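As a plain string of letters, each chain reads:
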Amino acid sequence: SREDGVMTSAPELHSYKTFIARSVNGIPVQGHRAVLTHAKDGSLRKVLVAWPALATTGHRLTSRLSLTQVKTRAATTLVREGARPGAAALSWRYLPQPAANGEVTLKLVAIARVPGKANADGTVEEPRIVEVDVDAE
């Protein structure tokens, strides 16, 4: 292709990236992931890892709140954060809580997301994403 008098070549594959996200019982752990970069021949080029050890005790992985109670808290939190009214999608996430020894405990939270919206005047409202405390225990 040609842009501003400069010729460009066709795209060329240089390497592959593999993304690995940590989850526990199917629930993602925020910020824990590994990225592996390897060449076309399969040789490893680079590894970036954020995967601290999990503590053996002290996790808060469940909530006694009903789904209705979580939805009510989510709606209240979204209004407080200035989100427009609308249906929020709920998902779950574990937040890592660092301990002095470098291990982490996990705390369950709900994530409420209201999608963005294109307005008639050409402006766009950003999606709103908030963490909702679910009294994890």
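Use the structure listed above.
1. Topic: the overall build of the chain
Thinking step 1. The helix and strand tally for the chain stands at one helix and ten strands.
Thinking step 2. Reading the helices (α) and strands (β) of the chain from amino to carboxyl end gives β-β-β-β-β-α-β-β-β-β-β.
Thinking step 3. Against the globule reference of 14 Å for 137 residues, the chain gives a C-alpha radius of gyration of 21 Å, more extended than a compact globule.
Thinking step 4. Each principal axis of the C-alpha atoms in the chain carries an extent, and together these give about 60 × 50 × 25 Å.
Thinking step 5. For the chain, the residues scored as buried account for 23% of the 137 residues in total.
Thinking step 6. Sequence separation of 24 or more characterises 49% of the internal contacts of the chain that already satisfy a separation of 6 or more.

2. Remarks on unusual backbone geometry
Thinking step 1. Phi is positive for Asn25, which is not a glycine, with a value near 55°.
Thinking step 2. Among the structural elements, Asn25 can be located in the loop between strand 3 (15-24) and strand 4 (27-39).

3. Here we look at the environment of Ala39
Thinking step 1. Along the chain, the position of Ala39 falls in strand 4.
Thinking step 2. For Ala39, a relative accessible area of 8% corresponds to the buried category.
Thinking step 3. Once the C-alpha coordinates of Ala39 and Tyr16 are considered, the two residues, 23 residues apart in sequence, prove to be 6.2 Å apart.
Thinking step 4. With sequence-adjacent residues up to four places away left out, Ala39 is seen in contact with His14, Ser15, Tyr16 and Arg45.

4. Quick word on the environment of Ala110
Thinking step 1. Among the structural elements, Ala110 can be located in strand 7 (residues 104-114).
Thinking step 2. With residues near it in sequence (within four places) discarded, Ala110 still touches Val70, Ser91, Trp92, Val130, Glu131, Val132 and Val134.

What counts, and at which threshold
Residues numbered from 1 in each chain as written. Predicted model: local features only at pLDDT ≥ 70, side-chain atom pairs only at ≥ 80, totals over all residues. Heavy atoms only, no water. Helix = DSSP H or I, 4+ residues; strand = E, 2+ residues; numbered from the N terminus. Rg over C-alpha atoms; globule rule 2.2 N^0.38 Å. Buried < 20%, exposed > 50% of the residue type's maximum accessible area, 1.4 Å probe, protein only. Contact = heavy atoms within 4.5 Å.

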